[in-house]
Amino acid sequence: IMSEKAPLLHYRLIGTKDPDNAASPTGVTVESDARRAKGKNPRKLGVVFGVIIPTLLSMFSVVVFLRIGFVVGQAGLYQSIAMFLVAYFIITMTVLSVCAISTNGALDAGGAYYMISRALGPEFGGSIGIMFFFANVCGSALYILGLVEAIISAFGIPEGRVQEGHGGGSERVCVSVLVGAHIYAKATFIIFIVVMTALASIFISFFIVEPKVVMLPDTSVNITSPVTTNYTGLRLHTMERNLWPDYTVDYTTGTMMNFATVFAVMFNGCTGIMAGSNMSGDLKNPSYSIPRGTLAAVLITFITYNLLSLLAAWSCDRRLLQKDYSFLGDINIWQPLVTMGIYSSTMSAAMSNLIGASRILYALAKDNLFGGVLALARKTSLSGNPWASVLISWLLVQVVLFSGKLNTIAGIVTIFFLLVYAAVDLACLALEWASAPNFRPSFRCFTWHTCVLGILGCLVMMFLISAIYAFASIAFMLLLLMLIHYLCPTSDWGYISQALIFHQVRKYLLMLDVRKDHVKFWRPQVLLMVANPRSCTGLITFINDMKKSGLYVLGHVQLGLLDGLPFDPLQSHYDSWLSLVDHLNIKAFVNLTLADSVRHGVQNLLFITGFGGMRPNTLVLGFYDSCTPQDHLQGKILQCKGHGMDGVSPTKDPQEQHPPFFPNLRGVEDTKDLQEEEYVSVIADTVKMGKNVALARYFSHFHRDEILGSGQRVGGHYGRSGPFVDVWPLNLLRPDSRGYVDTCSLFLLQLACVLHESRAWSQTRLRLFLCVEAGWSLQEEEAKLQVMLKELRISAHVQTVAWDQVVALHWQRRGEREAGNREQAAQDEEEKAKEHEYEQEDESIQRFPNNAAQLTDEYICAVNSLIRKHGAPPPAVRFLYLPRPPADTSRYQAYLHQLDLLTQDLGPTLLIHGVTPVVTTDL
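The model shown is predicted, which means the values in this text are computed figures rather than measured ones.

### Focus on the pattern of salt bridges
Here is step 1: Considering all chains together, one arrives at 8 salt bridges under this definition.
Here is step 2: Here aspartate 631 ties to arginine 534 by a salt bridge, and the two come within 3.0 Å at their closest N and O atoms. Note that aspartate 631 is positioned in the loop between β8 (618-622) and α23 (676-688) and arginine 534 in the loop between β5 (526-529) and α20 (537-546), a separation of 97 residues in sequence.
Here is step 3: The buried category is assigned to arginine 534, whose relative accessible area is 0%.

### Regarding the nonpolar core
Here is step 1: Formed by 145 residues in total, the largest nonpolar core has its most connected members in Phe65, Ile91, Phe206, Tyr305 and Phe327.
Here is step 2: For this core, the element with the most residues is helix α3 (residues 62-102), which contributes 23 residues.
Here is step 3: Excluding residues that lie within four positions of it along the chain, isoleucine 91 makes contacts with Met59, Phe267, Cys270, Ile273, Val298 and Tyr421.
Here is step 4: If you look at the next biggest cluster of nonpolar residues, it comprises 60 residues, including Val526, Ile707, Cys744 and Leu746.

### Observations regarding the packing of aromatic side chains
Here is step 1: Taken as a whole and assessed by the stated rule, the structure comprises 25 aromatic pairs.
Here is step 2: Aromatic pair tyrosine 78 and tryptophan 244: ring centres 4.8 Å apart, planes at 80 degrees, arrangement edge-to-face. Here tyrosine 78, found in helix α3, pairs with tryptophan 244, found in the loop between α8 (236-241) and α9 (259-267); they are 166 residues apart in sequence, far enough to count as distant.
Here is step 3: Ring geometry for phenylalanine 463 against phenylalanine 471: centres 5.0 Å apart, planes inclined by 75 degrees, an arrangement best described as edge-to-face.
Here is step 4: The partly exposed category is assigned to phenylalanine 463, whose relative accessible area is 30%.
Here is step 5: Among the aromatic residues, those joined into a cluster by ring pairs are Phe132, Phe259, Phe263, Phe267, Phe417 and Tyr421.
Here is step 6: Here arginine 767 stacks its cationic end above the ring of phenylalanine 724, 4.1 Å away from the centre of that ring.

### Remarks on the packing of helix α29 (residues 857-869) against helix α30 (residues 892-902)
Here is step 1: Running from N to C, α29 and α30 point in directions that differ by 35 degrees, and their axes come no closer than 8 Å. Between α29 and α30, the residues in contact are Asp857, Ile860, Cys861, Val863, Asn864 and Ile867 and His897, Gln898, Leu901 and Leu902, respectively.

### A closer look at the packing of helix α16 (residues 406-434) against helix α18 (residues 467-487)
Here is step 1: Following both chains from N to C, one finds α16 and α18 inclined at 50 degrees, their axes separated by 10 Å at the closest point. In terms of orientation, α16 and α18 fall into the oblique class. Two packed elements cross with a definite hand, and for α16 against α18 that hand is right-handed. For the pair α16 and α18, contact is made by Ile412, Ile415, Phe416 and Leu419 and by Tyr469, Ala470, Ser473, Ile474 and Met477, respectively.
Here is step 2: In the contact of α16 with α18, the residues fall into 8 nonpolar, 1 polar and no charged.

### As for the sheet that holds strand β9 (residues 692-697)
Here is step 1: Reading across from one edge, β7-β6-β5-β8-β9-β14-β13-β10-β11-β12 is the order of the 10 strands in this open sheet, with mixed pairing throughout. The outermost strands of the open sheet, each flanked by one partner alone, are β7 (589-595) and β12 (797-802). Ignoring which end each strand starts from, the neighbouring axes of this sheet average 25 degrees apart.
Here is step 2: With 3 bridges joining them, β5 and β8 adopt parallel strand pairing.

### Points about the environment of leucine 509
Here is step 1: Mapped onto the fold, leucine 509 is located in helix α19 (residues 496-511).
Here is step 2: Placed 104 residues apart in sequence, leucine 509 and glycine 613 show a C-alpha to C-alpha distance of 7.3 Å.
Here is step 3: Setting aside its immediate chain neighbours within four residues, leucine 509 contacts Phe611 and Met614.

### Side note on the environment of glutamine 571
Here is step 1: Examined against the element boundaries, glutamine 571 turns out to sit in the loop between β6 (552-559) and α21 (574-584).
Here is step 2: A sequence separation of 21 residues divides glutamine 571 from leucine 592, and the C-alpha atoms of the two residues are 8.8 Å apart.
Here is step 3: Side-chain polar atoms of glutamine 571 contact the side chain of aspartate 568, separated by 3.0 Å.

### Let's talk about the side chain of histidine 756
Here is step 1: Inspection of the secondary structure puts histidine 756 in helix α25 (residues 743-757).
Here is step 2: Among the residues examined, histidine 756 registers a relative accessible area of 19% and is labelled buried.
Here is step 3: The contact partners of histidine 756, leaving out residues within four places of it in the chain, are Trp761, Ser762, Thr764, Arg765 and Leu766.

### Regarding helix α14 (residues 335-367)
Here is step 1: Look at α14: 48 Å from first C-alpha to last across 33 residues, which is about the 48 Å you get at 1.5 Å a residue.
Here is step 2: Within α14, 29 of the 33 residues are buried, leaving the element largely enclosed by the surrounding structure.
Here is step 3: Positive phi appears at asparagine 368, one or two residues downstream of α14, with a value of about 60 degrees.

### What to know about the pairing of β7
Within a regular strand, side chains alternate between the sheet's two faces.
Here is step 1: Most of β7 is tucked away: 6 of the 7 residues are buried.
Here is step 2: As paired strands, β6 and β7 are joined by 7 bridges and run parallel to one another. Looking at the pairing, leucine 554 lines up with valine 590 of β7.
Here is step 3: Remark: the β6/α21/β7 crossover connection has right-handed handedness.

### Topic: the pairing of strand β4 (residues 228-231)
Here is step 1: In β4, alternate side chains face the same way, and those of Thr229 and Tyr231 are buried while those of Thr228 and Asn230 on the opposite face are not.
Here is step 2: In this structure, strand β3 (residues 212-215) lies alongside β4, joined through 4 bridges in antiparallel fashion. By the bridge assignment, valine 214 is partnered in β4 with threonine 229.

Quick notes on the rules
Residues numbered from 1 in each chain as written. Predicted model: local features only at pLDDT ≥ 70, side-chain atom pairs only at ≥ 80, totals over all residues. Heavy atoms only, no water. Salt bridge = Lys/Arg side-chain N within 4 Å of Asp/Glu carboxyl O. Helix = DSSP H or I, 4+ residues; strand = E, 2+ residues; numbered from the N terminus. Buried < 20%, exposed > 50% of the residue type's maximum accessible area, 1.4 Å probe, protein only. Core = buried A, V, L, I, M, F, W, Y, C linked by side-chain atoms within 4.5 Å. Contact = heavy atoms within 4.5 Å. Phe/Tyr/Trp six-rings, centres within 6.5 Å; stacked < 30°, edge-to-face > 60°. Lys NZ or Arg CZ within 6 Å of the ring centre and 35° of its normal. Axes fitted to C-alpha atoms, helices over the stretch in contact; angles between N-to-C directions. Parallel < 35°, antiparallel > 145°, perpendicular 65-115°, else oblique. Left-handed = near helix turned anticlockwise from the far one by under 90°. Nonpolar A, V, L, I, M, F, W, Y, C, P; charged D, E, K, R; others polar. Pairing = 2+ DSSP bridges. Polar contact = N/O pair within 3.5 Å; in protein donor to acceptor, adjacent residues only side chain to side chain. Expected span 1.5 Å × (residues − 1). Right-handed = clockwise from strand over helix to strand, strands pointing away.

Any functional reading would require information that these geometric values do not contain.
Written out as structure tokens, the structure is:
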């Protein structure tokens, strides 16, 4: 925080770029005050001229001269003091929040808008900024109406020329503001002297003016009512008659008054507390000036209003207070002095609000929250005065002036200001609750309790004044919030929502106890390994559908070591991956790692990804084959960044080169980053770590929109009920297996059911294939399977498949080989012993039998043909049983070769191996 005596040469951090040098609408610019002093917008104002005087003149306007008698006459002294206490309680809570935010960093032009937008983000900041802009516009019109009312009262201008008076007053205000804020601030010192002199004369008059009869203005339609009343001087019996409320018809509008309507008029005398913060762009040191100046002005006005209320109730007849709003001039020692004070204060308050409105509009235009709609408002003079914003604000003031009566728009202005004050308190509350280390304001006289009290006070009074206007203003603000959220570019101001989410997520993650996990609440938490996202967008979107509100992480391993590197090369890649997540519209995290091999990188990700109970339980890998990858991102544009998906991101400067957004796909002759043995080792490592594993093949041919779109077909046709999802729960690479109810088969069924239950796949049908041999009772086996599906609440069509010939082919070839090669049979027995020993190491893995026999290519091709034969119409995706890798690493290539033959030309296929129980029949 820079003091007013800080050296001239220091640097200021601005939340938005200079409009003349803005490549991005929400960039950050650092510039020296030495340059600004020579530039177009030098800061010149201090505490007194920049904050105290504008705030006092904004608050000492209509209420102090024209409505103090109205408030006391209608509400009585007791309720008047209660109103002031409620109003100043609300604004004091808001002032504390303003002081806290303004002393937490450098402020720029825009006042409350700048505070809220930089604290809550562009959505809240922009919507509240527009509301505050309209509040200042209406406030300026309100003070001009007060000025015209005073002129009419003093000179008796006919009703037909009232609108002409409105226009003349507003034009003078506009011309004054166009001169420049610093000229206005200096001129306000003279206005301040006049207003203070008028106030001093009013206080003196209460004590020295003798009792007299006062002529009331001719406003009553009742000809029998008296036209005179009494000023009694300081008399106790006069105060006794003015203690209690006596609500009657307002003679300027003809409407019946009540507590809420009187409070709405009175509160306009408290809305000037933001006059100093609105001038933040013109202050030498906003963080120093705004707290001191605003608190001083609030204290002075509070004392003044209550003293005036007391003296008015002590000395004036009730009819004088109710029927003559300009009575202070009638009882003054020199009436022209009060008239001068009214003119000066109302003109000054109108200019203050017009300056505030123009500065807010200019800040909104600079931040480019509404695109080109506010482009004109960015225009400034050579001295930095936003003349275009002033003219736009003045035109809107002219529109508001057509309402014609001060008390008519007082309620609307009050609701707008209350909503803005509530937003300021909300911004401070959010910063306090987020516990951000960088929120450490030098002003410490606030807590979250003061923020909550301020918010509640503002909301309660808004609805008491007018529930309709309150609902309408909140709805309008929410509409603006949604528009900005969807239309404005991403900013670098920081989002308080992110800090609050972090705070809450950390708390709930600590409460997520892994010791309380239960199979009833199991859900897939997937780590999908992606070598290059260009070739696997189909798989990425498919897994997003299958995650069932679980954790979804995109993992990537970059080969290399930090040794010898100046920095981590992966940090610059995260933006690209997160932009991909936005582009594909998926809900996923991104985790990148640097390792000397893919296997070690996957191990690292499996060990460190997630927190507490949110850790991946399933690893998904692309299939290892010789297919040439296809680029599905060629020529596509990112939605949120505007960069191309091609190899080099386009830039505005042709000489500025960026690293590849995503590297180009490998060619046919390029070598892979891992070999077959390492790929199978990754699968084996995953099983050893107690994780489920899935291998995805042919998902480059998976087009989600075509499969799930209305009226689309897969292959030939899929019927009226949507595409099929085929499930083969038997270990097809172990012909001697007969059971369907092992952990792996149930896991495979569970994943297929999860996919089917997702909203996008709800029109698909599960098709479960039951492989049977001769000697089995088809009806009995199918009935058993149907009972199991019913207990598991899984809806699927069961289709029996006779595979006697396929199994017989296996045993026939196996017999020939054993008869011809006894040595190979001995090797098989040795392999079986190794497998048995391997299974005994972990009891949980023992339930997943592996095929130790030597399967022939002919048998596996026959199984592949069987799957394709019973896949009519072609399904959207197939789920197959994945056997565990062999214990002997020398057989890894044969294992991978078997998987390749098994899934040849099957279309999108998932080979799944589950190691954890995931289904239950218990309630």
